[in-house]
Amino acid sequence: MIFSVKNAEQGHDIDRPVSIHLISGNSVVTLLMRIAVVSLCILSFSIQLLASAPVKSQSIYEVQVRVELKGESLVKALQKIEARSNFHFMYRNADVQDVNRLSLSAAKQPIAVILKTLLSGTGLSFRQVERQILISRQEAESPVKNTALSTMYQGTVKGQVTDGKGVPLPGVSVKLKGTSTGTSTDTQGRFALNTADNGGVLVFAYVGFVSQEVPITGAVLNVVMKEESKNLTEVVVTALGIRREKKSLTYSVTEVGGENLTKAREINVGNALSGRIAGVNATSTSTGPAGSSRVVIRGNGSLNGDNQPLYVVNGVPINNSNQGSAGTFGGIDRGDGLSSLNPDDIETISVLKGGTAAALYGSRAANGVILITTKSGKTQKGIGVDYNTTFTLETPRDLLDWQYEYGSGSRGVAPLTQAEAIANGRMSWGAKLDGSSVIQPDGQQHPYTAQKDNIKNFYDTGTTFSNTVALNGGTEAASFRFSASNLDNKGIVPNNTLNRRTFNLSANANLSKKVVFEGRAQYSTEENKNRTFTADFQKNPNSGAQLIATNIDVRTLSPGFDANGNEVLWNDYIYSTNPYFAINKVQNGDTRRRFIGSFSTRYNITESLYARARLGIDYFNFDAYNIEPTGLAFNNRGSMTTDQNVNSETNAEALIGYNKTAGKFSINILAGANQMRNKVQGLNLSSGQFNVPFQYFIGNGSAQNTTITYREYGINSLFASADIGFNNYLYLTLTGREDWFSTLSTENNHLFYPSVGLSYVVSEAWKTKPSWMSFAKVRGSWAQVGGGAPDPYGLNLTYTAQAQQHLGATLMNITSTTIPNKLTPYTSTTSEFGLETRMFNNRIGADITVYDRTTTNDIVYASVPFSSGYARTALNVGKIQNRGVELLLTGTPVKSSKFSWDVSYNLAYNKNTVKKIADGLSSLFIDGATTRTQNGGIYHFEGQPFGMIAGNRALKNASGQIVYNSATGIPLQGPLEVLGKGVPPLTMGINNNFSYKDFSLSVLIDGKFGAQVYSATNAYGALYGLDKRTVENGVRENGIPVSGVDQRGAPYSATVSAQTYYSTIWSTLTDQFVTDADYIKLRSVTFGYSLPAKLLAKTPVQSASISFVARNLFLLYNSARNIDPESSYSNGNAQGLENFGIPTARSYGLNLMVRF
Amino acid sequence: MTDIKRKLTGTALPTVLAFFILMLSACDKGFEDLNKNPNAFNEPVIGDLFATSLIRTAGTGTPDRNRTNIKYFAGTMQYMASLGTNWSGDKNFENGQFGDFFETVYSVHLKELEQLLALTKDNPDMANQYAIASIWRVFILHRVTDAYGDVPYTDAGKGYIDGNYKPKYDKQSDIYPQMLAGLETAIAKLDVSKGSYGVQDVIFQGSVSKWKTFGYSLMLRLGMRLTNVDATMARTYVQKAIAGGVMISNADIAKLNHVAGNGNTQNWDAFELKRESLPESNVGKGPVKLAKTLIDLLQSYNDPRLPFYATLWEGNILSIQAAKLPTTTAPALQKGLPNGYDANSIKQVIPNWSNDQLVNYSEPNTGTIASLNAPTVLLSYSEVEFLLAEAALRGWGNGTAADHYRAAITASMQSTTFFPGNVVIQQTAINDYLTAHPLNGATFDLQMEQLYTQFYLAHFMYYDNFEAWSTLRRTGYPKLVPPNYPGNFTGGAALIRLKYPVSESSINKANYDAAVAIQGPDLYTTAVWWDK
């Protein structure tokens, strides 16, 4: 039983005596909820009772029904078929209302045959999409040929059916029109059909393709099937994994097909979303290949929440939390949950933007939901094998453009001794580079010349080799897909590696006529070695490689340690680690073993009523170690930590659904319950001062410490939704969800989340619409969703006993630095309005959405002054508004049989305003988000957008003159003020797909505009005399002339030496190092060639393609200097701080896909 | 729609509901129990909170030792010097850590103590515990007001207890009277016949009478602090302290013992010195050394404590320490580094400088005062005697200044036995030293200079640079010439105050602004109230 699994998971004693007690206050709702929460139990039980009926097929060419008609209308006929099958018809009323007086014998026959008979001569055609059968007027470009032109033919017709790319299509239904004579194609797409009568027309039908009627003109008929234009019946995955016709949606959902992720791939799927979807701001971090990503949909809605969407994989919410990231004072990014996914396994990513689309997820939906559906097995003969391999090379992009005129030294003088050379290892304030022989930190004399290739010389060429094999197969009763993949990455930072293995199994079975089982399981292991320290100097190889004095070849610091294993110093600051010591001796690693499982059973109680139960499990083990080795300059005896944690989330969901079309109305309602339990158990061990040097295990340390973490919480939920359609052009959606939280105080622990939406398909309703209009729809919706459910155990002050005593005295401290408080999740209210249209046979399309998303009751972790004894308190007081517009333009400028060009352009503008922080609090510092130079940071200011860069400018007097310290000639520091936006308000992407015969080219360009970045690299560049501003305008030779007023207001002017000036203002004048962060990137390019079907005809290979793939090829525009504006070291809320990240890597290589 | 209704109310739904009810409790028990943390205490152990506050205030595991006691005040006091630019006190050069002491005092030293005070306040069975904790609160907070001036005192650390998120600042001129009166009240409540914290009192092992002595000794220290601003009050409390009973021997000293082993037991100053300033891997070329001011003075005075205080680097290599210390501590070999220079500018005072010469400069002796096993001395008997000498000089106390002066130096020299290294300064050596350096100044000022120059040399033993600095500011002795490093933040003047942390000026702005308006600009050169 499923529940014994779950209970074991939670460590509950399932034999404990049963007790029923109700939450006070709202007993009816509570009872209902509890009732619904347990429905999973019942369903799994019910299934056992009922799972016995014979296997049935699902194609309209196979399912046979008995329908007798006596002069009835088509509408009535369709209703009868619906009543006798699991299929559901979709049509425009206008198309079918005039078809009357139909008669049909009572013989049992396939639905397709019945429909052909009924629709013959009506100008209507039909098409099956899963359980739905669409009846529509044949398109103008319908491939119906004038039969009068056809030559009569008698005998056997043979041929092959292929798709537009020449790939043979197996299983295509081939029927002689108007008869029951028919066959289907074999695995090579071939068919042979005996046509007894004179000629006729063959009808080729296949799911996903436009049905074709082809007159028989000869003994051989090769047919190329056209894929169904997606625009017509696009079905998208919506909340709870329910597939719905896109036409009927009342809100914005965007889907990205897996094919966009597999060729020019990213290791972290989140990064692959960059530039693809209007309103989705995906940001990568400069922390290495397995680093985390930040995805924000429609702006940041919470001052302190993580602002990232809920990720749901096959119905299972997965943990995407960061396992550790770099802060101002360095660290490593241990990646997030998304990196566990293999892009090859992804069928689609469906982005539910904002509250209305995601409303059914209630308290977790505030930041939108990203639904990831993995591939499943397909009905086919035999076993299909897909093989996909990608090999790419990564090279660092060197954006540093330092000065190359002056070398190491100070005050214009080059070092004379090794000690001086070390003291000046990162000081480029020396003499003019003249090629003379000058001592360097290695004690050797080297020519005093500029070293411009330190980046190239220090970093490696990285490689990524990824292989996936997938097997799939199935009958109509059961299908499966199994994939295994291996990814090996060697980072551009030497000794940094990643191995990821994923195993994915998906199985579907129709256990009986009424019971459908679906199970998906993924097991993955990710093993990272030596993730790179970024930000700050400690153990960070990047800061050394990037800041080394102009004349020093970084390779002279190699190998970074001496004969005793001690770090070789190269500069005056022991925390600025020798880059080679950092890569050769500093060690860390982590392994994540993860299981994601989703098991769902659907029981069709009647044709219209069904019940579904689903259990989702995300379970992972994270094991990490971090070693400061013996000999590290600032911690000579070394230390280490190990972190182990076990994370699990289980969701048990049960729902009852009802689908029905009655007259002009179609309804789709469901009600259900969900029980979520989340648990983290962690063990952190640390030890330092190794007794025996160079041996790294906890037991070797003389100061050992153990920390145990444990947190468990749960949310119980009841939810319901209703979709009501009228006449195929008006749709109303209502949803509601009530969530109960274990972390809230029991007297008030539940919240309700409603949504309502309406869409009106103008093109369906407008009978006399102009011919150029293919489709038009308006939609509007409103929703209230939640986010940021409070952490467990936040209601009371607790105490922790220290593991280590003081000479026999036990020690106890207050556990948290946060003052406890009673909190509720914040509420995000979204209103959106959209307009969607396609014109000229779907050649041009536009989809525009405007929205307002206002967060109230935002949880503000307001920093409190330390003088209160604590660091922060949490209050439910914040308010943030996001207003924006999203635009998607699609077009097919060229469309011919050989050449086509599709282009899509997306643009989003989001205006974020922090409306309120807390009473008496007009600004809020984001915890830890200080600049490394400690003269500014990321703050929220009331009335300004989320996450502003703030710092100091030079102090000015009332008339705008700079105030100088007359003793030094350095400007005085002004007050803290806003210097820029950390989050870009404007994002866009343009995607071009070209195809010519068997070649295809896809180019994605994206850009972000309107934000700024504080660059610590540039601040340190100025401090150490590397930045170009330290040589421009002859400032080295002549000094920097300054003029303004002195502290007393008297006129003041002076000339200050450049070294004095910059080695002061680097940490006082923040604004000098804040630059625009606008960029346009050539994000991805794939150039592919599909081997023609003819070439493969005699091989077992069904299709094969080879592609050149590339990512991050060029920065087409970059408003920042020396850095990539995207090089943030953290995926947290504090965006807009840069500090010695790993250079962005250009990646290019080959991808091969073969299908057997 | 009726069709739907009929179906829903037909057979399917009641059947399902029946199952729901049957299985109700099996699937959802313990929901409300989830929110109890199985890994935390909901009620504290009072004594454990006290022990935590004691060891944190002594610097165990807190950032204020390295960042404030070492990197600021060891330099300011010219006990140590550095060629590195991040040693702020050596050069009065900004390193951004000026607020760490402030933040640590309130959020680490005081946090658990405030909770303890709230929980014991109205409990008559815990009157001693409450009184001792009240004395300790004064000890914690006097250091922060001495360093920053006007600071939160009344509202300090009340974020949870009173929900006070914005502590107001009290004027130092109000804090001192409150502290002194608070000490008086608390001491009066001590009942030596009743128990207190027992072994959790890691300073006096539960001795109530020792806390009484400590309370009066602290009153002596704080009373004497006011000599420049309120001599009347100073005299009142100095005399109250003396009458009440201050420390009378090294047995009364307030110290926290340490042993190497883990972060909660080792001497944290020593740990930080060995970690960052004097790592063995530097093999003597590290940029942090003992200062010329200190070494020159010890050498010229022929001070027997010199070998105890200082060694060449080889004496600090743990594996050879025992063998090397006898030779590397030879007084004649010791050499101090001048304050206020970097690796380049040191050439201005030491021509032909090369960093290789660093091996010839002395380091604090990690076999003794800077050992991981060294105790942290919070208030010494030696200091009490120096203060009594001053009191005698001022005519406020008993005995003669010269006697207290000799007792102070003797107590200091006899304290070496508290430290590792088995160094005993023989009484003959002490007597020789006392004979060579009598308190014989012709004027009050000259005697004060003698007194506090000796205090300077004695107090180095305890590596409590906070109190050394406060005494320097109050008395002006020893006369130190502040460094004038290019770009320094005092314009060549002495560092006489720390700036408030940035967190206060941004998060507690209104109270910060009010304090600055009263006290004067938030600068390193703005004197605190008693330092006039």
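Bear in mind that the values here come from a model prediction, so they are computed numbers and not experimental data. (Residues numbered from 1 in each chain as written. Chains lettered and ligands numbered in written order. Predicted model: local features only at pLDDT ≥ 70, side-chain atom pairs only at ≥ 80, totals over all residues. Heavy atoms only, no water.)

Asks: Before we move on, could you go through the overall build of chain A and cite the residues and values that matter?
Replies: Check the secondary structure of chain A and you find 19 helices and 61 strands. Here the C-alpha radius of gyration of chain A, 33 Å, is about what a compact globule of 1156 residues would show, namely 32 Å. For chain A, the proportion of its 1156 residues judged to be buried stands at 59%. Excluding contacts between residues fewer than 6 apart, the proportion of contacts in chain A whose partners are at least 24 apart in sequence is 70%. Entry remark: accessible area of chain A is about 42,500 Å², with carbon and sulfur atoms responsible for 54%. (Helix = DSSP H or I, 4+ residues; strand = E, 2+ residues; numbered from the N terminus. Rg over C-alpha atoms; globule rule 2.2 N^0.38 Å. Buried < 20%, exposed > 50% of the residue type's maximum accessible area, 1.4 Å probe, protein only. Contact = heavy atoms within 4.5 Å. Areas by Shrake-Rupley, 256 points an atom, 1.4 Å probe, with all protein chains shown as cover.)

Asks: Which residues make up the sheet that holds strand β21 (residues 316-318) of chain A, and what values do they have?
Replies: Residues and elements named next belong to chain A. Strand order in this open sheet of five strands is β17-β22-β23-β20-β21, and the pairing throughout is mixed. Each edge of the sheet is formed by a strand with only one pairing partner; in this case those strands are β17 (253-257) and β21. With strand direction ignored, the average angle separating the axes of adjacent strands in the sheet is 25 degrees. Relative to β21, strand β20 (residues 310-313) is paired through three bridges, and the arrangement is antiparallel. Bridging across to β21, Val312 finds its partner in Pro317. (Pairing = 2+ DSSP bridges. Axes fitted to C-alpha atoms, helices over the stretch in contact; angles between N-to-C directions.)

Asks: Quick one: what's the story with the pairing of strand β23 (residues 369-374) of chain A, residue by residue and with numbers?
Replies: Residue and element names in this part refer to chain A. The buried fraction of β23 amounts to six of the six residues, a majority that puts the element mostly inside the structure. Side chains Val369, Leu371 and Thr373 project from β23 onto one buried face, and the interleaved Ile370, Ile372 and Thr374 project onto a second face that is buried too. Pairing analysis gives six bridges linking strand β22 (residues 346-352) to β23, with the strands arranged antiparallel. Bridging from a neighbouring strand, Thr348 pairs with Thr373 of β23.

Asks: I'd like to hear about the pattern of salt bridges, residue by residue, with values.
Replies: Residue and element names in this part refer to chain B. The tally for this structure, following the rule as stated, stands at 74 salt bridges over all chains. Its salt-bridge partner being Lys168, residue Asp155 comes within 3.8 Å of it at the nearest N-O pair. Within this pair, whereas Asp155 is found in the loop between α9 (127-148) and α10 (172-189), its partner Lys168 is found in the loop between α9 and α10, the two being separated by 13 residues in sequence. Classification of Asp155 as buried rests on a relative accessible area of 14%. (Salt bridge = Lys/Arg side-chain N within 4 Å of Asp/Glu carboxyl O.)

Asks: So what's going on with the packing of helix α11 (residues 208-224) of chain B against helix α12 (residues 231-244) of chain B? Residues and values would help.
Replies: All names here are of chain B. At their nearest, the axes of α11 and α12 sit 8 Å apart, and the two run at 160 degrees to each other. Taken together, α11 and α12 sit at an angle that is classed as roughly antiparallel. Crossing geometry of α11 relative to α12 is assigned as left-handed. Across from Tyr216, Met219, Leu220, Gly223 and Met224 in α11, the residues of α12 making contact are Ala234, Tyr237, Val238, Lys240, Ala241, Ile242 and Gly244. Among the residues making up the contact of α11 with α12, the classes are represented as nine nonpolar, two polar and one charged. (Parallel < 35°, antiparallel > 145°, perpendicular 65-115°, else oblique. Left-handed = near helix turned anticlockwise from the far one by under 90°. Nonpolar A, V, L, I, M, F, W, Y, C, P; charged D, E, K, R; others polar.)

Asks: Account for the side chain of Asp48 of chain B, naming residues and giving values.
Replies: Looking at where Asp48 of chain B falls in the secondary structure, it is placed in helix α4 (residues 46-57). Of the side chains bearing the opposite charge, Arg56 of chain B lies closest to the buried Asp48 of chain B, which forms no salt bridge; the N-O distance is 12 Å. A distance of 2.7 Å separates the side chain of Asp48 of chain B from the side chain of Gln200 of chain B, its partner in a polar contact. If near-sequence neighbours (up to four positions away) are discounted, Asp48 of chain B is found in contact with Thr810, Leu811 and Met812 of chain A together with Gln200 of chain B. (Lys, Arg positive; Asp, Glu negative; His and termini not counted. Polar contact = N/O pair within 3.5 Å; in protein donor to acceptor, adjacent residues only side chain to side chain.)

Asks: Could you give an account of the packing of helix α17 (residues 381-394) of chain B against helix α20 (residues 444-459) of chain B, naming the residues involved and the relevant values?
Replies: Residues and elements named next belong to chain B. It is the contact of α17 with α20, at a shortest axis distance of 10 Å, that shows an interaxial angle of 175 degrees. Classed by the angle they form, the pair α17 and α20 counts as roughly antiparallel. Where α17 approaches α20, its residues Ser382, Glu383, Phe386, Leu387, Ala389, Glu390, Leu393 and Arg394 are matched on the opposing element by Phe444, Gln447, Met448, Leu451, Tyr452, Gln454, Phe455, Ala458 and His459. Counted by class, the contact of α17 with α20 contains 10 nonpolar, four polar and three charged residues.

Asks: Please set out helix α23 (residues 509-519) of chain B residue by residue, giving values where relevant.
Replies: Residue and element names in this part refer to chain B. For α23, every residue scored as buried is listed here: Asn511, Tyr512, Ala515, Val516 and Gln519. Seen along its axis, α23 keeps its buried residues to an arc of 135 degrees; they face one direction. What points out from α23, more than 90 degrees from its buried face, is the exposed set Ala510, Ala517 and Ile518. Buried residues along α23 sit in contact with α9 and α22 (502-507). (Arc of directions from axis to C-beta.)

Asks: Please provide a residue-by-residue account of unusual backbone geometry, values included.
Replies: Residue Pro559 of chain A is bonded to the preceding Ser558 of chain A through a cis peptide linkage, with omega at 0 degrees. Tracing the sequence through the fold places Pro559 of chain A in the loop between α13 (541-547) and α14 (579-584). Residue Tyr477 of chain B is joined to Pro478 of chain B through a cis peptide bond whose omega torsion reads -5 degrees. Looking at the secondary structure, you find Pro478 of chain B in the loop between α21 (465-475) and α22. You will see that Asn841 of chain A, though not glycine, has its phi angle at about 55 degrees, which is positive. Along the chain, Asn841 of chain A falls in the loop between β42 (826-839) and β43 (844-863). A residue is classified by how much of its surface remains accessible, and Asn841 of chain A, at 54% relative accessible area, is exposed.

Asks: Lay out the environment of Ile203 of chain B in plain terms, naming residues and giving numbers.
Replies: Residue and element names in this part refer to chain B. By secondary structure assignment, the location of Ile203 is in the loop between α10 and α11. Here Ile203 falls in the buried class, since its relative accessible area comes to 7%. Between the C-alpha atom of Ile203 and that of Asn257, which follows or precedes it by 54 residues, the distance is 7.8 Å.

Asks: Talk me through the confidence of the model for chain B; I want residue IDs and the actual numbers.
Replies: All names here are of chain B. Per-residue pLDDT for chain B averages 92, and the proportion of residues at 70 or more is 95%. Counted against residues more than four places away or in other chains, residues 1-14, with its pLDDT under 50, gives 12 contacts. Within the model, pLDDT remains below 50 along residues 16-27, and this stretch shows 27 contacts once partners closer than five positions in the same chain are excluded. Confidence metrics for the complex model read pTM 0.75 and ipTM 0.91. (pLDDT = per-residue confidence, 0-100.)

Asks: Tell me about the packing of aromatic side chains, residues and numbers included.
Replies: Residue and element names in this part refer to chain B. The tally for this structure, following the rule as stated, stands at 58 aromatic pairs over all chains. Centre to centre, the rings of Tyr79 and Tyr456 are 4.7 Å apart; their planes meet at 15 degrees, and the pair counts as stacked. Pair noted here: Tyr79 is in the loop between α5 (64-76) and β1 (80-82) and Tyr456 is in helix α20, with a separation of 377 residues, a long-range link. Here Tyr79 and Tyr456 have matching classes, each one buried. Through a chain of ring-to-ring contacts, three or more aromatic side chains come together here, namely Tyr72, Phe73, Phe101, Phe102, Tyr106, Tyr148, Tyr169, Phe466, Trp469, Tyr500 and Tyr512. The positively charged end of Arg305 is found above the aromatic ring belonging to Tyr433, 5.8 Å away from the centroid. (Phe/Tyr/Trp six-rings, centres within 6.5 Å; stacked < 30°, edge-to-face > 60°. Lys NZ or Arg CZ within 6 Å of the ring centre and 35° of its normal.)

Asks: Please provide a residue-by-residue account of helix α14 (residues 292-300) of chain B, values included.
Replies: Residues and elements named next belong to chain B. Buried residues of α14: Leu294, Ile295, Leu297 and Leu298, and no others. Projected down its long axis, α14 carries its buried residues within an arc of 165 degrees, all on one side. Against the buried residues of α14 lie β3 (288-290), α15 (306-309), β4 (310-311) and α20. Taken from the residues just after α14, Asn302 is the one with a positive phi, measuring 55 degrees.

Asks: With reference to specific residues and values, describe the nonpolar core.
Replies: Soluble globular proteins tend to pack their nonpolar side chains together in the buried interior. Counting residues in hydrophobic clusters, the biggest one holds 148 residues, and the most contacted among them are Trp136, Trp211 and Phe214 of chain B. Element by element, the count of residues in this core is highest for α9 of chain B, at 13 residues. Once you skip the residues sitting within four places of it in the chain, Phe214 of chain B turns out to touch Ile135, Trp136, Phe139, Phe204, Met247, Ala254 and Leu379 of chain B. Among the nonpolar cores identified, the runner-up in size contains 66 residues, and Trp429, Phe458, Tyr459 and Phe581 of chain A belong to it. (Core = buried A, V, L, I, M, F, W, Y, C linked by side-chain atoms within 4.5 Å.)

Asks: Would you mind going over the sheet that holds strand β56 (residues 1051-1056) of chain A in detail, with residue names and values included?
Replies: Residues and elements named next belong to chain A. Read from one edge of the open sheet, four strands run β50-β49-β55-β56, paired in mixed fashion. Looking at the sheet topology across the chains shown, the edges are occupied by β50 (970-971) and β56. Note: strand β55 (residues 1040-1046) against β56, six bridges, orientation antiparallel. Considered in β56, the bridge of Pro1041 is made with Thr1055.

Asks: Which residues make up a nonpolar patch on the surface, and what values go with them?
Replies: Residues and elements named next belong to chain A. Together, Ile383, Val469, Leu471, Phe482, Phe503, Leu505 and Tyr523 line one region of the surface with nonpolar side chains, adding up to about 550 Å² of accessible area. Listed by contribution, the elements that provide at least two residues to the nonpolar patch are β27 (462-474) and β29 (497-510). Mapped onto the elements of the fold, Val469 is located in strand β27. (Patch = residues over 30% accessible without salt bridge, like charges linked within 9 Å, V, L, I, M, F, W, Y side chains within 5 Å.)

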